[in-house]
Amino acid sequence: MKYLNAIALLLLLMFAVSCQNRGERKKPLLVASIHPYELILRQLAGSDFDVQSIIPASASPHSWSPKPSDLKALMEASFVLSNGMGLEESLQKSLATRPNEHVEVATLLKDVIPLIATSDHHDELHEHKHEGDDPHLWTSTFLMSRLITKLEKELSSRFPNSSLVFKQNADIMRGEMDALIEQINEERRAFSETGLVTYHNSFLYFTHEFDIEYLGWVQFSPGKEPNPKDLTELGNTIKEHKVQAVFIEPQMSKKAGELLAKEFDLKLLTLDPLGSDNRVATIAELFMDNWNSMKEAFTLK
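Thresholds applied
- Residues numbered from 1 in each chain as written.
- Predicted model: local features only at pLDDT ≥ 70, side-chain atom pairs only at ≥ 80, totals over all residues.
- Heavy atoms only, no water.
- Buried < 20%, exposed > 50% of the residue type's maximum accessible area, 1.4 Å probe, protein only.
- Helix = DSSP H or I, 4+ residues; strand = E, 2+ residues; numbered from the N terminus.
- Pairing = 2+ DSSP bridges.
- Right-handed = clockwise from strand over helix to strand, strands pointing away.
- Axes fitted to C-alpha atoms, helices over the stretch in contact; angles between N-to-C directions.
- Parallel < 35°, antiparallel > 145°, perpendicular 65-115°, else oblique.
- Contact = heavy atoms within 4.5 Å.
- Nonpolar A, V, L, I, M, F, W, Y, C, P; charged D, E, K, R; others polar.
- Core = buried A, V, L, I, M, F, W, Y, C linked by side-chain atoms within 4.5 Å.
- Phe/Tyr/Trp six-rings, centres within 6.5 Å; stacked < 30°, edge-to-face > 60°.
- Lys NZ or Arg CZ within 6 Å of the ring centre and 35° of its normal.
- pLDDT = per-residue confidence, 0-100.
- Polar contact = N/O pair within 3.5 Å; in protein donor to acceptor, adjacent residues only side chain to side chain.

The alternating pattern of strand β7 (residues 245–248) places Ala245 and Phe247 on one face and Val246 and Ile248 on the opposite face, and all of these are buried. In the sheet, β7 pairs with strand β8 (residues 267–270) via 4 bridges, with the strands oriented parallel. Looking across to β8, one finds that Phe247 is bridged to Leu269. Remark: the β7/helix α12 (residues 255–264)/β8 crossover connection has right-handed handedness.

Put into structure tokens, the structure is as follows:
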């Protein structure tokens, strides 16, 4: 009887150890600060990893503040990807606690950002930009195409057993980005006038890449409502260029945009730099979604 009890206890212990090991063999967690980078990591990593973002896509990274529960994934992550350039100011202290796991997009792309960030187009608009360089790196097709390759190498060095998966997925993603860029360039040639007024200056990179005339934006400082002088100057630009639409962003208050639309009889359209409505599954689809919104403004008469 004692012998049987000993065997039963041994089997119970083995079962417990087995369950514990299965729990320890859960998928590694990859965490992105914002949703566009989550889209890239999710497509690149495939089903072998869990992927999520910290800052909700419905919130502006410029003004969002984390709760303790928001930081749980960051603390559990095997890899953390942030934008850098001051975008995630509210996360800086938490990111600093994960120096081995944390990588900045701005660091990965430090050799190519200057190729477009210091262009003539950006210099003309410098006085209206954020302090320092423009942090909206994920709105550049040029930069995101290169980020895919950089991340493939970075993840392969950290998770070598999945390097083949990373390579296969990166090849697919680069093909999608090449096709996207070709399509936008082709469609762009159909428009002779492309004056654009957005809610804040999220799309400087994108407009430069596709030779779109960026006339201005409603909020010169993200999250801060424009003063009467700003609105008057923007109104003069709208009248001068016969702008037919103004864009709002889901992450921002639309009050000032609605005021402009009413004052100048403009159509109110939406650009979503972060993909807050979850309609898209890839970074290429996010670019196309916003390009389609811009085209709607260009075709208004």
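We are not done yet, so read on.
Before going further, it helps to examine the packing of helix α2 (residues 35–45) against helix α9 (residues 163–188). Each pair of packed helices can be summarised by the angle the axes make with each other and by the distance between the axes. For the pair α2 and α9, interaxial distance at closest approach is 7 Å and the crossing angle is 125°. Here α9 runs oblique to α2, going by the angle between their axes. Contacts between α2 and α9 involve Ile40, Gln43, Leu44 and Ala45 from the former and Val165, Phe166, Asn169, Ala170, Ile172, Met173 and Glu176 from the latter. Classifying every residue of the contact of α2 with α9 by side-chain character gives 8 nonpolar, 2 polar and 1 charged.

By size, the foremost hydrophobic cluster in this structure holds 75 residues, and its most contacted members are Tyr37 and Met144. Tallying contributions element by element places helix α13 (residues 283–298) first for this core, with 9 residues. Ranked by size, the runner-up nonpolar core spans 15 residues in total, among them Leu215, Leu234, Val243 and Leu266.

Here the distance between the centres and the angle between the planes together describe a pair of aromatic rings. Across all of its chains, the model carries 10 aromatic pairs by this definition. Each ring, one from Tyr37 and one from Trp138, has its centre 6.3 Å from the other, and the planes form 80°; the classification is edge-to-face. One end of the pair, Tyr37, is in helix α2; the other, Trp138, is in the loop between α7 (120–124) and α8 (141–158), with 101 residues separating them in the sequence. In this pair, the class of Tyr37 matches that of Trp138, namely buried. Measuring from centroid to centroid gives 6.2 Å for Phe206 and Phe287, while their planes differ by 15°, and the two rings are stacked. Separated by 81 residues along the polypeptide, Phe206 in helix α10 (residues 204–209) and Phe287 in helix α13 bring together distant segments of the chain. Through a chain of ring-to-ring contacts, the aromatic side chains of Phe191, Phe206, Phe210, Phe287, Trp291 and Phe298 assemble into a single cluster. Positioned over the ring face of Phe142 is Arg146, at 3.8 Å from the centre of the ring.

Before going further, it helps to spend a moment on the sheet that holds strand β1 (residues 29–32). The strand order β2-β1-β3-β4 describes an open sheet built from 4 strands, whose pairing is parallel. The open sheet has two edge strands with one neighbour each: β2 (50–53) and β4 (102–104). Shown here is a sheet whose adjacent strand axes are inclined to one another by a mean of 20°, direction ignored. The sheet contact formed by strand β3 (residues 79–82) and β4 spans 3 bridges and is parallel. Across the sheet, the residue bridging to Ser82 is Glu104, located in β4. In the packing of α2 onto the sheet, contacts are made with β1, β2 and β3, and the angle to β2 comes to roughly 170°. Taken strand by strand, α8 contacts β3 and β4, and its axis lies near 160° from that of β3.

The next point concerns the packing of α9 against α13. Running from amino to carboxyl end, α9 crosses α13 at an angle of 10°, the nearest separation of the two axes being 10 Å. Taken together, α9 and α13 sit at an angle that is classed as roughly parallel. Across the interface between the two elements, Glu176, Met177, Leu180, Gln183, Ile184, Glu187 and Arg188 from α9 touch Ile283, Ala284, Phe287, Met288, Trp291 and Lys295 from α13. Looking at side-chain class alone, the contact of α9 with α13 contains 8 nonpolar, 1 polar and 4 charged residues.

Here we take up the environment of Trp217. Position of Trp217 relative to the elements: it lies in strand β6 (residues 214–217). For Trp217, a relative accessible area of 1% corresponds to the buried category. The spacing of Trp217 and Val246 is 29 residues in sequence and 8.7 Å in space, taken between C-alpha atoms.

For the protein chain, the average pLDDT comes to 87, and 86% of its residues sit at 70 or higher. Below a pLDDT of 50 lies the segment residues 6–23, which in the model reaches 0 contacts outside its immediate sequence neighbourhood of four places, other chains included. Considering only residues more than four positions removed or in separate chains, one finds that residues 120–132, a stretch of pLDDT under 50, has 28 contacts.

So, about α2. Burial runs high along α2: 10 of the 11 residues are buried. Among the residues of α2, His35, Pro36, Tyr37, Glu38, Leu39, Ile40, Leu41, Gln43, Leu44 and Ala45 are the ones counted as buried. Remark: Gly46 follows α2 within two positions and exhibits a positive phi of approximately 70°.

Let's shift gears to the side chain of Glu152. Assignment of secondary structure puts Glu152 in helix α8. Since its relative accessible area comes to 12%, Glu152 is described here as buried. Of note is the side chain of Glu152, whose polar atom sits 3.2 Å from the side chain of Arg174. The residues touching Glu152, leaving out its near neighbours within four places in the chain, are Leu44, Phe166, Lys167, Ala170 and Arg174.

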